[in-house]
Amino acid sequence: MNLKLYPFFVLILILMSVHCAEAKDLYIMPSAIGKVRNKDNDRHKAELNTILKDKEFKKALRKGVLGFLERAAAKNAGVNIKQAGFDTKFNAEAILIPLLFVDNVISFVDEYGSSDESLYKGRVYIGMNFLLFQAQSESLVYSAPLLISVPYLNKTKKFSLEPLAGQIRHAIVNFFTDKKTLKPNAQESLGNCLADMDYLFATKTCSVNDIKISKGTAKRIENSKKYKELAQMLAAQALSEEHLVLPPKTRFPAIRRGLHASVAMFGVSFQQGSEKGFSERDNVYSTKMRMPEPEIEYTLSIKTGVKDVDLGPFLERNYTTACYLEGGGNNIKCIKAVEVQISKRHTKVSDVHLYNSLINALSDFNSCNR
C-alpha cells in the first residue's frame, strides 16, 4: 500500500467508527395512558377513562407519538426511531416508554336565561403530561405538559363527556401530529434527549410548586381548588416553551403505576425496591423510577380584579388577571383583561370569565414582562 495513502485510510476508519458509535436505534413501546383517579367521585374522570380506551384512538396516538419523536430525532442523523414489537429483542437501553398521564379534568358551566329556558354553556380542560422513560434505568428523559380544551353547550347542567369523545381524542392526537407543537428550542431539547439519555439531567428543568391567590380572588372564585389546578397546568404549559417542566411530586406514585403497567403490557415484569438491573430470569428486572430534581422551582401568585359599567339591560364587566411567576432569580409578570357584556337575564355567572382571563394571561408568554 502506498504509505502516503495510509493516513487517509486511517482517518476514514476513525470517521466510520465514530459514525457507528453515534448511530443507534430506539424502540418505542405502545403508548400507555395513565389511569384517571376518581378520588372525588367526579364522573367526568370515569367518562374520560372510557373515552381513552378506544382502540382506534390508541392506534392513532401511537402513530402520532412515533411521528412526534421522529421529527425531533431528525436533527441527529444517527438516531432512528422504530416501533417495538413483541418479537423485538428486549434491549432495555434501546427501549423507550411513552406515558401519557392524565393529570386533571376541570369543567365549569355558565347558566343563561330563566329557570324554564335555562341553557348551560361551558368548557372542559383536560390536563396531561407526556413523559418519556428509558426502560433500563426507568429514568425520565423527556417531559412535556399538554392542555386539552373542549367547549360544550347543553340544556342540562349534568352534561356528559361522551358526545365530546371525538373532539377530545382528536385534540390529543393533534398535539403529536401538529408540526407546530415542537418549536425549534423544544425540538432541539427532545432531539438531544434521544441522542443522549442523560441530556435531561444536564439541562434546565423546572417545576411549579406553589400556587398563591389573593384574598379578593379567593372570595370571587367559586371553587378555589379547581382554579389553582388549572393555573398550575397553564403555568407548566407556558414554561415548557423555555424549560423542561417536571410534573408535581404528588403525581409520582400514579406515574410509577402507569409506567409499570406499560412495561407489563409489553410482557416484562418488575421487582421493585433496588437498582440491580436485569435479574437472571428472562424479562424481569429490578429498578427504581428516577426523576430529576428541578433546577428552578417557580411560585405562581395570582391577583384578580372585577369592574362593572351599567349599560341598561347589560353590564360591561372587566375581568383583569395578574400572574407573577417567581423562581431562579426570574420575575415574570403576565397581565391580561377580558371585557364581557353580561346580560341581566343571567340567573348565575360562573367562574368562566375569570378562567378565561387567567388563560389569556398565561397563554401568550412572550408578551409577559421580565
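Residues numbered from 1 in each chain as written. Predicted model: local features only at pLDDT ≥ 70, side-chain atom pairs only at ≥ 80, totals over all residues. Heavy atoms only, no water.

Can you break down the nonpolar core residue by residue, with the values?
Core analysis: the largest hydrophobic core is formed by 69 residues, its most contacted members being Tyr142, Ile172 and Leu194. Top element by residues in this core is strand β4 (residues 95–112). It accounts for nine residues. Setting aside residues up to four positions removed in sequence, Tyr142 forms contacts with Phe68, Phe130, Leu131, Leu132, Leu182, Leu190, Cys193, Leu200 and Leu244. Within the second largest apolar cluster, 41 residues are counted, among which are Tyr298, Val340, Val352 and Tyr355. (Core = buried A, V, L, I, M, F, W, Y, C linked by side-chain atoms within 4.5 Å. Buried < 20%, exposed > 50% of the residue type's maximum accessible area, 1.4 Å probe, protein only. Helix = DSSP H or I, 4+ residues; strand = E, 2+ residues; numbered from the N terminus. Contact = heavy atoms within 4.5 Å.)

Lay out the pattern of salt bridges in plain terms, naming residues and giving numbers.
Counting across every chain of the model gives six salt bridges. The partner of Glu242 in a salt bridge is Arg370, with the nearest N and O atoms 2.8 Å apart. With Glu242 in the loop between α7 (224–239) and β8 (244–245) and Arg370 in the segment after α9 (352–363), this residue pair connects regions lying 128 residues apart in the sequence. Given a relative accessible area of 40%, Glu242 falls into the partly exposed group. Among the ionic pairs, Glu293 bridges to Lys249, the shortest N-O distance being 3.6 Å. (Salt bridge = Lys/Arg side-chain N within 4 Å of Asp/Glu carboxyl O.)

Outline helix α3 (residues 55–73), supporting the account with residue identities and numerical values.
Helical periodicity: at 3.6 residues per turn, an α-helix aligns residues three or four positions apart in one direction. The terminal C-alpha atoms of α3, which comprises 19 residues, lie 27 Å apart, in line with the 27 Å expected from a rise of 1.5 Å per residue. Listed in full, the buried residues belonging to α3 are Phe57, Leu61, Gly64, Val65, Leu66, Gly67, Phe68, Leu69, Ala72 and Ala73. (Expected span 1.5 Å × (residues − 1).)

Report on a nonpolar patch on the surface, specifying residues and quantitative values.
A grouping of Val309, Leu311 and Phe314 is seen on the molecular surface, where their side chains present a nonpolar patch of about 230 Å² in accessible area. Looking at where Leu311 falls in the secondary structure, it is placed in strand β12 (residues 296–311). For Leu311, a relative accessible area of 39% gives the class partly exposed. (Patch = residues over 30% accessible without salt bridge, like charges linked within 9 Å, V, L, I, M, F, W, Y side chains within 5 Å. Areas by Shrake-Rupley, 256 points an atom, 1.4 Å probe, with all protein chains shown as cover.)

Could you give an account of the environment of Phe314, naming the residues involved and the relevant values?
Inspection of the secondary structure assignment puts Phe314 in strand β13 (residues 314–327). Classification of Phe314 as partly exposed rests on a relative accessible area of 35%. Discounting residues that sit within four places of it in the chain, Phe314 has contacts with Val309, Gln341, Ile342, Ser343 and Lys344.

So what about the sheet that holds β8? Which residues, and what values?
As summarised here, the arrangement of the five strands in space is β8-β7-β12-β13-β14, forming an open sheet in which the pairing is mixed. This sheet does not close on itself; its edge strands, each paired only once, are β8 and β14 (330–343). In the sheet, strand β7 (residues 205–213) pairs with β8 via two bridges, with the strands oriented parallel. Paired with Thr205 across the strands is Leu244, a residue of β8. This element, α7, spans β7, β8, β12 and β13 of the sheet and lies at about 150° to β7. Against the sheet, α9 makes contact with β12, β13 and β14, and its axis sits at roughly 45° relative to β13, the strand it touches most. (Pairing = 2+ DSSP bridges. Axes fitted to C-alpha atoms, helices over the stretch in contact; angles between N-to-C directions.)

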